[in-house]
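# Survey of secondary and tertiary structure
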Amino acid sequence: MTEPDHPHRAPRSIPWLKSSHSGGNDNCVEVAVDGHVVALRDSKDTARPYAKVSRAAWRHFLFSVAGGAVR
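Residues numbered from 1 in each chain as written. Predicted model: local features only at pLDDT ≥ 70, side-chain atom pairs only at ≥ 80, totals over all residues. Heavy atoms only, no water.

### Description of a nonpolar patch on the surface
A cluster of nonpolar side chains, contributed by F61, L62, V65 and V70, occupies part of the molecular surface with about 290 Å² of accessible area. V70 gets classed as partly exposed once you look at its relative accessible area, which sits at 35%. (Patch = residues over 30% accessible without salt bridge, like charges linked within 9 Å, V, L, I, M, F, W, Y side chains within 5 Å. Areas by Shrake-Rupley, 256 points an atom, 1.4 Å probe, with all protein chains shown as cover. Salt bridge = Lys/Arg side-chain N within 4 Å of Asp/Glu carboxyl O. Buried < 20%, exposed > 50% of the residue type's maximum accessible area, 1.4 Å probe, protein only.)

### Thoughts on the pairing of strand β2 (residues 29–34)
The pairing of strand β1 (residues 17–18) with β2 spans two bridges and is antiparallel. By the bridge assignment, L17 is partnered in β2 with V31. The sheet contact formed by β2 and strand β3 (residues 37–42) spans six bridges and is antiparallel. By the bridge assignment, V29 is partnered in β3 with D42. (Pairing = 2+ DSSP bridges. Helix = DSSP H or I, 4+ residues; strand = E, 2+ residues; numbered from the N terminus.)

### Observations concerning the packing of aromatic side chains
In this description, an aromatic ring pair is defined by two values, namely the gap between the centres and the angle between the planes. The full count for this structure, using the stated rule, is two aromatic pairs. For the pair W16 and Y50, a centre-to-centre distance of 6.1 Å together with 75° between the ring planes defines the contact as edge-to-face. A residue pair is termed long-range when its members are at least 10 positions apart, and W16 in the segment before β1 and Y50 in the loop between β3 and β4 (51–54) qualify at 34 residues. (Phe/Tyr/Trp six-rings, centres within 6.5 Å; stacked < 30°, edge-to-face > 60°.)

Rendered as C-alpha cells:
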C-alpha cells in the first residue's frame, strides 16, 4: 500500500528537474510539470510545501528571464 499524497506536498509520481547550471549544488529550485501545472520547490528542503503556477505563467517567466527582463 502506498502512502497518499499530501495536498500541499509534491506528488511522489512527478519527476523533479534541477537546472544543469546548478552544478550539483543544492542551492536551486526544482521544477516538475504535471499536466497544466508547474510545481516549484526548494532543492534544499524538498519536504516543504511547493508552489504551483500555470504552464503559461511559467513559460512567460522563462521568456522574461531569457529576454533579460528578469534578473
